[in-house]
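# Topology and contacts: notes
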Amino acid sequence: METVVCSRRTVQVALKFLRDEGVIVPIANFAGGKGNATRYEFRWPRQEEEKAPIQQESRRELIARILAENPRLTYGEAVVLAEG
């Protein structure tokens, strides 16, 4: 396997594109920052179609919105707030 090196800016642009397309969704440390890497979940189109798409989508969007509005929350705390 060959190692490919790219700039930090290239990675940032790629992550923004994937987020905008809905391929990845932030699930933890949404604000990021030094020492707080944002965690993402991949959403493959075929997997989403097999599950209940409307219910699954709205839950993920709600959790992502909670994390965006409250960057100090953990993913688990956001899940509890989304279910409550």
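Each chain carries its own residue numbering, running from 1 in the written order of its sequence. Selection of residues for local features in this predicted model requires a pLDDT of at least 70, selection of side-chain atom pairs for listing and counting requires 80 or more, and totals for whole chains, interfaces and linings are taken over all residues. Hydrogens are left out, water is left out, and the side-chain values use all remaining heavy atoms of the structure.

### With respect to the overall build of the protein chain
- Secondary structure is summarised from DSSP: a helix means a run of H or I of at least four residues, a strand means a run of E of at least two, and numbering begins at the N terminus for each. A count of helical and extended segments in the protein chain gives 4 helices and 2 strands.
- N-terminal to C-terminal, the α/β element order of the protein chain is α-β-β-α-α-α.
- The rule is simple: take the accessible area with a 1.4 Å probe, protein chains only, and divide by the maximum for that residue type; under 20% is buried, over 50% is exposed, in between is partly exposed. Classification of the 84 residues of the protein chain by burial places 21% in the buried group.
- Partitioning the contacts of the protein chain with sequence separation of at least 6, the portion at a separation of at least 24 is 19%. The contact rule is simple, with two residues in contact once any of their heavy atoms fall within 4.5 Å.

### Examining helix 1 (residues 8-21)
- For a helix, the expected span equals 1.5 Å multiplied by the number of residues minus one. With 14 residues, helix 1 should reach 20 Å at 1.5 Å per residue; the first-to-last C-alpha distance of 20 Å fits that figure.
- Count one or two residues on from helix 1 and you reach Gly 22, which has phi positive near 85°.

### Things to note about the side chain of Arg 60
- Relative to the assigned elements, Arg 60 resides in helix 3 (residues 53-69).
- A distance of 2.9 Å separates polar atoms of two side chains, one belonging to Arg 60 and the other to Glu 41. Any pair of N or O atoms that falls within 3.5 Å is considered a polar contact. Within protein, one atom must be able to donate a hydrogen and the other to accept it, and sequence-neighbouring residues count only if both atoms are side-chain atoms.

### Re the pattern of salt bridges
- Salt bridge criterion: a side-chain nitrogen from Lys or Arg within 4 Å of a carboxyl oxygen from Asp or Glu. In this structure the tally under the stated criterion is 3 salt bridges.
- Between Asp 20 and Lys 16 there is a salt bridge, and its shortest N-O distance comes to 2.8 Å. Here Lys 16 and Asp 20 lie together in helix 1, a separation of 4 residues that amounts to about one turn.
- The salt bridge involving Glu 41 is made with Arg 60; its shortest N-O contact spans 2.9 Å. Residue Glu 41 is found in strand 2 (residues 39-42), and its partner Arg 60 is found in helix 3; the two are separated by 19 residues along the sequence.
- The class for Arg 60 is buried, based on a relative accessible area of 12%.

### Thoughts on the environment of Phe 42
- Looking at the element boundaries, Phe 42 is found in strand 2.
- Phe 42 sits 24 residues away from Leu 18 along the chain, and the two C-alpha atoms are 9.4 Å apart.
- Apart from the residues within four sequence positions on either side, Phe 42 is in contact with Val 23 and Ile 24.

### Things to note about the nonpolar core
- In this description, a nonpolar core means a group of buried Ala, Val, Leu, Ile, Met, Phe, Trp, Tyr and Cys residues linked to one another through side-chain atoms lying within 4.5 Å. Counting 7 residues, the largest nonpolar core consists of Ile 63, Ile 66, Leu 67, Leu 73, Ala 78, Val 79 and Ala 82.
- Looking at this core, the elements that each hand over two or more residues are helix 3 and helix 4 (75-83).
- Not counting the four nearest positions on each side in its chain, Ile 63 is found in contact with Tyr 75, Ala 78, Val 79 and Ala 82.

### Remarks on the environment of Arg 43
- Looking at the secondary structure, you find Arg 43 in the loop between strand 2 and helix 2 (45-50).
- With 18 residues separating them along the chain, Arg 43 and Val 25 place their C-alpha atoms 7.4 Å apart.

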